[in-house]
Amino acid sequence: MGIAVLTMKASVIEMFLVLLVTGIHSNKEMTKKIKRPKFTVPQINCDVKAGKIINPEFVVKCPAGCQDPKYHVYGTNVYASYSSVCAAAVHSGVLDNSGGKILVQKVAGQSGYRGSYANGVQSLSLPRWRESFVVSEGKPQKGVAYPSALTYSSAKSPAAKAGGTTKSYQKPSSVPGTTAQPVTLTQVLGTNPVEGTHTALPKPSPSADSATSSPRLQPVGHRSQEPDLGSTPTHPSSKNSPHADPGDTDLWKPGLVLLDAGFVPKEELSTQSLDPMFQGDPNCKVDLSFLIDGSASIGKRRFRIQKQFLADIAQALDIGPAGPLMGVVQYGDNPATQFNLKTHMNSRDLKTAIEKITQRGGLSNAGRAISFVTKNFFSKANGNRGGAPNVAVVMVDGWPTDKVEEASKLARESGINIFFITIEGAVENEKQYVTEPNFANKAACRTNGFYSLSVQSWFSLHKTVQPLVKRVCDTDRLACSKTCFNSADIGFVIDGSSSVGTGNFRTVLQFVANLSKEFEISETDTRIGAVQYTYEQRLEFGFDTYSTKPDILNAIKTVGYWSGGTSTGAAINYALEQLFKKSKPNKRKLMILITDGRSYDDIRIPAMAAHHKGVITYAIGIVWAAQDELEVIATHPAKDHAFFVDEFDNLYKLVPTVIQNICTEFNSRPRN
């Protein structure tokens with residue numbers, strides 16, 4: 001019986017062991033199934049923006065063709081969430097244009113995003129956005145469960161491709177190690193937080209600098225290595241350029257988009273209304289005309305290099321309505337406008353238009369082209385903004401076949417900054433054929449070297465891009481721009497009557513000198529003339545007598561006191577005949593009349609004549625001057641052009657007011 005009991009116990013134990021093993025195996029199988037759920041990678045379209053997807057981290061599959069310019073990207077390496085996810089992946093080098101899987105991680109919004117050109121995608125700049133993202137190869141990280149279906153911020157958001165689904169947002173699971181958590185920028189990049197408004201960025205993948213088979217120059221901004229946002233980027237010359245120099249680097253000028261600094265966008269709203277306007281660089285607000293050489297002697301190959309140079313300039317300038325605007329005039333025998341300032345309002349459209357320009361042929365009549373630009377190009381109808389400096393860059397292959405000095409002089413006097421780029425200029429044995437020796441210095445706005453560039457070879461022209469961009473954007477040095485300080489012929493009409501006296505006359509002359517000091521004086525800038533009057537009139541010096549500020553100030557200082565009666569009406573007529581009749585047609589005419597008493601003759605008809613001839617008249621009265629006469633002499637409105645002080649010693653107080661009124665009036669009127 002004991003044996004039977006033992007046998008029974010053994011059978012029970014054996015049965016228990018079998019059940020135990022079977023249960024463990026079944027549990028393993030169940031665990032296996034739980035731990036290995038089937039993961040389907042969601043597919044999205046090229047136009048899906050990261051900001052529309054709520055998931056903080058996800059793997060997604062992009063289709064082919066996302067390199068298309070219509071899918072906008074903002075930033076470099078770290079992208080604003082308003083960017084196309086897939087186009088950003090192509091720009092960063094993670095994908096090529098054939099598509100594929102990528103890993104997307106959301107990071108904090110940045111205070112600035114720099115645009116750049118990489119892998120066939122031109123990204124744009126953006127000053128701020130509330131959310132960012134980075135992309136990397138589509139390899140899931142261990143311990144992170146990625147969604148098979150993406151969560152979109154709105155049911156009306158762009159849906160995934162066929163096979164993908166859209167669902168409303170649900171709070172992620174809080175189980176540790178199973179759900180993707182929000183990622184900070186420093187966690188993704190593996191860097192420490194950096195003080196200031198800019199954050200150090202990772203280097204792009206090697207594919208971001210891959211060479212293409214095209215022989216064309218890459219647009220400015222294409223570079224092998226992206227620097228920090230806080231540094232000044234550089235880019236090497238294109239490897240595909242026939243004249244590339246591995247050691248040559250140019251400053252890369254990033255674009256800038258203007259948005260209200262306090263604007264916090266809501267991406268849940270209609271994306272159509274939130275598309276940032278590409279405004280251009282406001283630090284380079286110039287109206288720019290390129291006069292390109294289309295003569296037959298330049299040849300087709302060099303003409304193509306010239307067009308590529310223009311495209312690089314357009315890219316580097318960051319064209320936009322709040323920044324620089326650019327038009328092109330091509331000249332041969334005769335000039336013709338290819339497009340004006342308002343035809344293309346961004347660099348991308350401008351580059352496309354430049355590519356379509358065809359060569360005209362003929363001679364190289366640059367002088368005729370400059371005259372054409374002076375008369376026709378910088379007009380309001382063609383997009384001239386008035387407040388922006390006018391710049392004309394003349395490109396010449398070798399030398400012009402006509403004279404440029406007179407045409408350029410008129411252009412400068414019209415407020416146009418003339419730059420000359422001479423490519424492959426005349427060598428010693430060719431100088432006998434040059435129509436006008438030293439033509440560049442005769443034509444350029446100044447002979448200080450700032451306005452002229454000489455390029456030894458067409459194949460070195462690309463090196464001129466950044467130096468030229470830097471110069472045309474340096475508005476402080478554009479000396480031929482029309483401003484209230486450099487655009488007038490100013491005639492002082494000074495009362496030298498007996499009632500003034502020698503000492504007070506010296507005070508009046510000091511007032512004249514103090515006003516003159518404020519202006520930029522030269523042959524092509526503001527010019528100063530002076531008339532003294534009593535019963536008679538005397539021309540002290542004319543507009544063309546002195547052309548430097550020291551000479552003008554010395555001439556004012558040495559004017560001798562005359563003494564006599566007060567015939568102000570006759571003095572106005574004399575000034576119109578002896579001074580303003582010789583004023584240049586493109587100059588503003590300003591008469592500043594200073595008197596201490598009532599006139600012995602009629603001032604009404606002479607004053608009307610001055611106003612009719614376009615002479616802006618300021619009347620300065622002292623002590624016994626008649627207020628009613630000052631208001632008749634002065635240009636309307638009299639309150640802005642007639643002034644009175646009760647003592648000669650108080651004249652100096654009027655200097656800032658008179659200067660301010662001159663500039664206010666200038667800025668309120670059309671420049672052209």
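These figures come from a predicted structure and were not determined experimentally.

## Things to note about the environment of Lys-403
Move 1: With respect to the element layout, Lys-403 can be found in the loop between strand E13 (390-397) and helix H8 (405-413).
Move 2: Distance from Lys-403 to Phe-439, taken between C-alpha atoms, is 7.7 Å for residues 36 residues apart in sequence.
Move 3: With sequence-adjacent residues up to four places away left out, Lys-403 is seen in contact with Gly-367, Thr-435 and Glu-436.

## A word on the nonpolar core
Move 1: The biggest cluster of nonpolar side chains holds 67 residues, and the ones touching the most others in it are Phe-290, Leu-317, Met-326, Phe-420, Ile-421 and Leu-468.
Move 2: Tallying contributions element by element places helix H5 (residues 299-317) first for this core, with 8 residues.
Move 3: With residues near it in sequence (within four places) discarded, Leu-317 still touches Asp-281, Cys-284, Leu-288, Pro-324, Met-326, Val-469, Val-472 and Cys-473.
Move 4: Membership of the second largest hydrophobic core comes to 37 residues, among which are Ile-490, Ile-528, Ala-555 and Ile-556.

## What to know about the pattern of salt bridges
Close approach of charged atoms allows side chains with opposite charge to pair.
Move 1: Applying the stated criterion to the full structure yields 12 salt bridges.
Move 2: The residue Glu-540 makes a salt bridge to Arg-538 at a minimum N-O spacing of 3.0 Å.
Move 3: On the basis of relative accessible area, Glu-540 is assigned to the partly exposed category, the value being 22%.
Move 4: With a relative accessible area of 28%, Arg-538 lands in the partly exposed category.
Move 5: A cluster of three or more residues bridged by salt bridges with shared partners is formed by Arg-598, Asp-628 and Glu-629.

## Points about the confidence of the model for the protein chain
Move 1: Per-residue confidence for the protein chain averages 79 on the pLDDT scale, and 75% of its residues sit at or above 70.
Move 2: The low-confidence segment residues 155-276, where pLDDT is below 50, has 248 contacts with residues more than four positions distant or belonging to other chains.

## Notes on the packing of helix H7 (residues 366-377) against H8
Move 1: Two numbers describe how H7 lies on H8: the axes approach to 8 Å, and their chain directions differ by 20°. Considered as vectors, H7 and H8 are oriented roughly parallel to each other. Considering how the two elements wind past one another, H7 and H8 form a crossing that is left-handed. Contacts between H7 and H8 involve Gly-367, Ile-370, Ser-371 and Thr-374 on the former and, on the latter, Ala-407, Ser-408, Leu-410 and Ala-411.
Move 2: Each residue belonging to the contact of H7 with H8 can be placed in one class, and the counts come to 4 nonpolar, 4 polar and no charged.

About the cut-offs
- Residues numbered from 1 in each chain as written.
- Predicted model: local features only at pLDDT ≥ 70, side-chain atom pairs only at ≥ 80, totals over all residues.
- Heavy atoms only, no water.
- Helix = DSSP H or I, 4+ residues; strand = E, 2+ residues; numbered from the N terminus.
- Contact = heavy atoms within 4.5 Å.
- Core = buried A, V, L, I, M, F, W, Y, C linked by side-chain atoms within 4.5 Å.
- Buried < 20%, exposed > 50% of the residue type's maximum accessible area, 1.4 Å probe, protein only.
- Salt bridge = Lys/Arg side-chain N within 4 Å of Asp/Glu carboxyl O.
- pLDDT = per-residue confidence, 0-100.
- Axes fitted to C-alpha atoms, helices over the stretch in contact; angles between N-to-C directions.
- Parallel < 35°, antiparallel > 145°, perpendicular 65-115°, else oblique.
- Left-handed = near helix turned anticlockwise from the far one by under 90°.
- Nonpolar A, V, L, I, M, F, W, Y, C, P; charged D, E, K, R; others polar.

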